[in-house]
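Observations on the model geometry
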Amino acid sequence: MGKDINMFHLIEHDVSFDQNETEAREINDEFAVLIPEEDLMASMSLNSEQQHAYESILQKVILNESAAFFIDGPGGTGKTFLYKALLATVRSRNLIALATISSGVAASILLGGRTAHSRFKIPLDLDKNSTCCVSKQGALAKLLRLAKLIIWDEVPMSRKECMQALDKMLRDITNSRLPFGGKIIVFGGDFRQVLPVIRKGTRQEEVNASLASSYLWSTLTKIRLSENMRARFDPNFSNYLLQVENGTTPITIENKIKISNEMLIPFKNDVESLDDLIDAVFQDIGSYSENLSEMTN
Ligand SMILES: Nc1ncnc2c1ncn2[C@@H]1O[C@H](COP(=O)(O)OP(=O)(O)OP(=O)(O)O)[C@@H](O)[C@H]1O
């Protein structure tokens, strides 16, 4: 547990926080999250797989029906694009949608995004009986009960006990036996990317630690995205990426991935080849300072 600020005697009188004020702040902060125009428009340019996911999830929000999804998609298939469309649509109806993600850096990609550990108060030392440090009467519990949609991206890299702790806590604060207390949860990620880190663990131990090995896995509706939107104008490259992720690329004798010749920049010398590489990857790098969104995309 954190320390009480009053222990440090920084000022003469004790600092106390009013429960109602804290509640109001937690909730107002969520209502105050900006909704970018481009996220609102995103729902109009979804591909057919994203559209199917978007409609299935939104229908549950509209009907207020319990549901838990897993969006399974290799890198670049538009998972983040889909979350942005969902968050914007739900928030534009003046409803609370919480955006969380397993890693800190990535939390900044989704507006209002927080790490799942911080948002749900998941303890760092976890075992199968752990639950989140959320008081049933507290401000966070109230916010979670109000939330119409909870998104947790990059879930394959978190240990299953994290999602199980969330499940237990939500059942507790909602007094419900339904998975995740009947809330609408969208997990997403790609098991081909990063699995939970287990110190000196074997591949099997990593798999056993992941959500796919949890009792929760069978309760999730799986929706697959397969069209690589990042490399959609380059089908050869997008097929190649999929082969790498599926472990089906040809490998060289040193057990390294073989990159096909058309993807290689021929070596001339250190300086020229580095320039060629930068030009090939970034094309018009000088223009990026004027257009940040082009750089991030
Ligand atoms: N329907 C769409 N229309 C136009 N652009 C899209 C669409 N879906 C995704 N994109 C674009 O494709 C790129 C990849 O999408 P996104 O970042 O959402 O993929 P991702 O599945 O989250 O990838 P990763 O797993 O690598 O994080 C982004 O530039 C995004 O803006």
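Residues numbered from 1 in each chain as written. Predicted model: local features only at pLDDT ≥ 70, side-chain atom pairs only at ≥ 80, totals over all residues. Heavy atoms only, no water.

What about the overall build of the protein chain?
Within the protein chain one finds eleven helices and six strands. Taking the principal axes of its C-alpha atoms as reference, the protein chain extends roughly 70 × 45 × 45 Å. For the protein chain, with 297 residues in total, the buried portion stands at 38%. Considering only intrachain contacts with a sequence separation of at least 6, the fraction spanning at least 24 residues in the protein chain is 69%. Total accessible area on the protein chain is roughly 17900 Å²; 54% of this is exposed by carbon and sulfur atoms. Each charge class in the protein chain was averaged separately, 32 positive and 39 negative side chains, and the resulting centres sit 10 Å apart. (Helix = DSSP H or I, 4+ residues; strand = E, 2+ residues; numbered from the N terminus. Buried < 20%, exposed > 50% of the residue type's maximum accessible area, 1.4 Å probe, protein only. Contact = heavy atoms within 4.5 Å. Areas by Shrake-Rupley, 256 points an atom, 1.4 Å probe, with all protein chains shown as cover. Lys, Arg positive; Asp, Glu negative; His and termini not counted. Charge placed at Lys NZ, Arg CZ, Asp CG, Glu CD.)

Describing the site of the ligand
Neighbouring the ligand are 17 residues; Ser45, Gln50, Gly76, Lys79 and Thr80 lie closest to it. Within the backbone of threonine 77, an N or O atom sits 3.3 Å from an oxygen atom of the ligand. When the ligand sits alone it has 630 Å² of accessible area, and the protein chains cover 79% of it. A total of three residues in the shell around the ligand trace back to one element, the largest contributor, which is helix 4 (residues 79-92). In terms of residue class, the shell around the ligand is built from four nonpolar, ten polar and three charged. (Near = heavy atom within 4 Å. Polar contact = N/O pair within 3.5 Å; in protein donor to acceptor, adjacent residues only side chain to side chain. Nonpolar A, V, L, I, M, F, W, Y, C, P; charged D, E, K, R; others polar.)

Considerations on the domain arrangement of the protein chain
Per the domain assignment, the segments of the protein chain are domain 1 (16-224), domain 2 (234-263) and domain 3 (265-296). Its C-alpha centre places domain 2 at a distance of 22 Å from the equivalent point of domain 3. (Domains from an automatic or database assignment.)

Some remarks on the side chain of serine 43
Along the chain, serine 43 falls in the loop between helix 2 (37-42) and helix 3 (48-63). Within the structure, serine 43 has its side chain in polar contact with the backbone oxygen of leucine 40 (distance 3.4 Å). Those residues in contact with serine 43 that sit more than four places away from it in its chain are Gln51, Tyr54, Ala85 and Thr89.

What to know about the pattern of salt bridges
Where charged atoms from two side chains of opposite charge approach closely, those side chains can pair. According to the stated counting rule, one finds ten salt bridges in the structure shown. The salt bridge partner of glutamate 65 is lysine 60, with a shortest N-O separation of 3.0 Å. Looking at glutamate 65, the relative accessible area reads 35%, which means it is partly exposed. Relative accessible area serves as the criterion here: at 22%, lysine 60 is assigned to the partly exposed category. Salt bridges here are not isolated pairs; linked through shared partners, they connect Asp72, Asp190, Arg192 and Arg224. (Salt bridge = Lys/Arg side-chain N within 4 Å of Asp/Glu carboxyl O.)

Focus on the nonpolar core
One finds Phe120, Trp152 and Phe187 to be the most contacted residues of the largest nonpolar core, which totals 32 residues. Elements represented by at least two residues in this core include exactly strand 1 (67-72), helix 5 (116-120), helix 6 (139-146), strand 4 (149-153), helix 7 (160-174) and strand 5 (184-189). (Core = buried A, V, L, I, M, F, W, Y, C linked by side-chain atoms within 4.5 Å.)

Description of the packing of aromatic side chains
The tally for this structure, following the rule as stated, stands at six aromatic pairs. A ring pair is formed by phenylalanine 120 and tryptophan 152, whose centres lie 5.8 Å apart and whose planes are at 40°; its orientation type is tilted. In this pair, phenylalanine 120 sits in helix 5 while tryptophan 152 sits in strand 4, placing the two residues 32 residues apart along the sequence. Like tryptophan 152, phenylalanine 120 is buried. Among the aromatic side chains, those forming a connected cluster through ring pairs are Phe120, Trp152, Phe180 and Phe187. If you follow lysine 222 out to its NZ or CZ, it ends over the ring of tryptophan 217, 4.6 Å from the centre. (Phe/Tyr/Trp six-rings, centres within 6.5 Å; stacked < 30°, edge-to-face > 60°. Lys NZ or Arg CZ within 6 Å of the ring centre and 35° of its normal.)

A few points about the packing of helix 3 against helix 4
Following both chains from N to C, one finds helix 3 and helix 4 inclined at 30°, their axes separated by 10 Å at the closest point. Between helix 3 and helix 4 lies a crossing whose hand is right-handed. On helix 4, the residues touching Gln50, Ala53, Tyr54, Ile57, Leu58 and Val61 of helix 3 are Phe81, Leu82, Ala85, Leu86, Thr89 and Val90. Taken together, the residues of the contact of helix 3 with helix 4 break down into ten nonpolar, two polar and no charged. (Axes fitted to C-alpha atoms, helices over the stretch in contact; angles between N-to-C directions. Left-handed = near helix turned anticlockwise from the far one by under 90°.)

Considerations on unusual backbone geometry
One non-glycine residue with positive phi stands out, namely asparagine 94, at about 60°. On the basis of relative accessibility, which here comes to 58%, the residue asparagine 94 falls in the exposed class. One non-glycine residue, lysine 121, adopts positive backbone phi at about 55°. When you line up the elements, lysine 121 lands in the loop between helix 5 and helix 6. Judged by its relative accessible area of 39%, lysine 121 is partly exposed.

Things to note about the pairing of strand 2 (residues 97-101)
Among the five residues that make up strand 2, five are buried, leaving the element largely enclosed by the rest of the structure. Across the two faces of strand 2 the burial is the same, with Ala97, Ala99 and Ile101 and Leu98 and Thr100 all buried. Pairing analysis gives five bridges linking strand 2 to strand 4, with the strands arranged parallel. Counted as the bridge partner of leucine 98 is isoleucine 150 from strand 4. Alignment of strand 2 against strand 3 (residues 114-115), held across two bridges, turns out to be parallel. (Pairing = 2+ DSSP bridges.)

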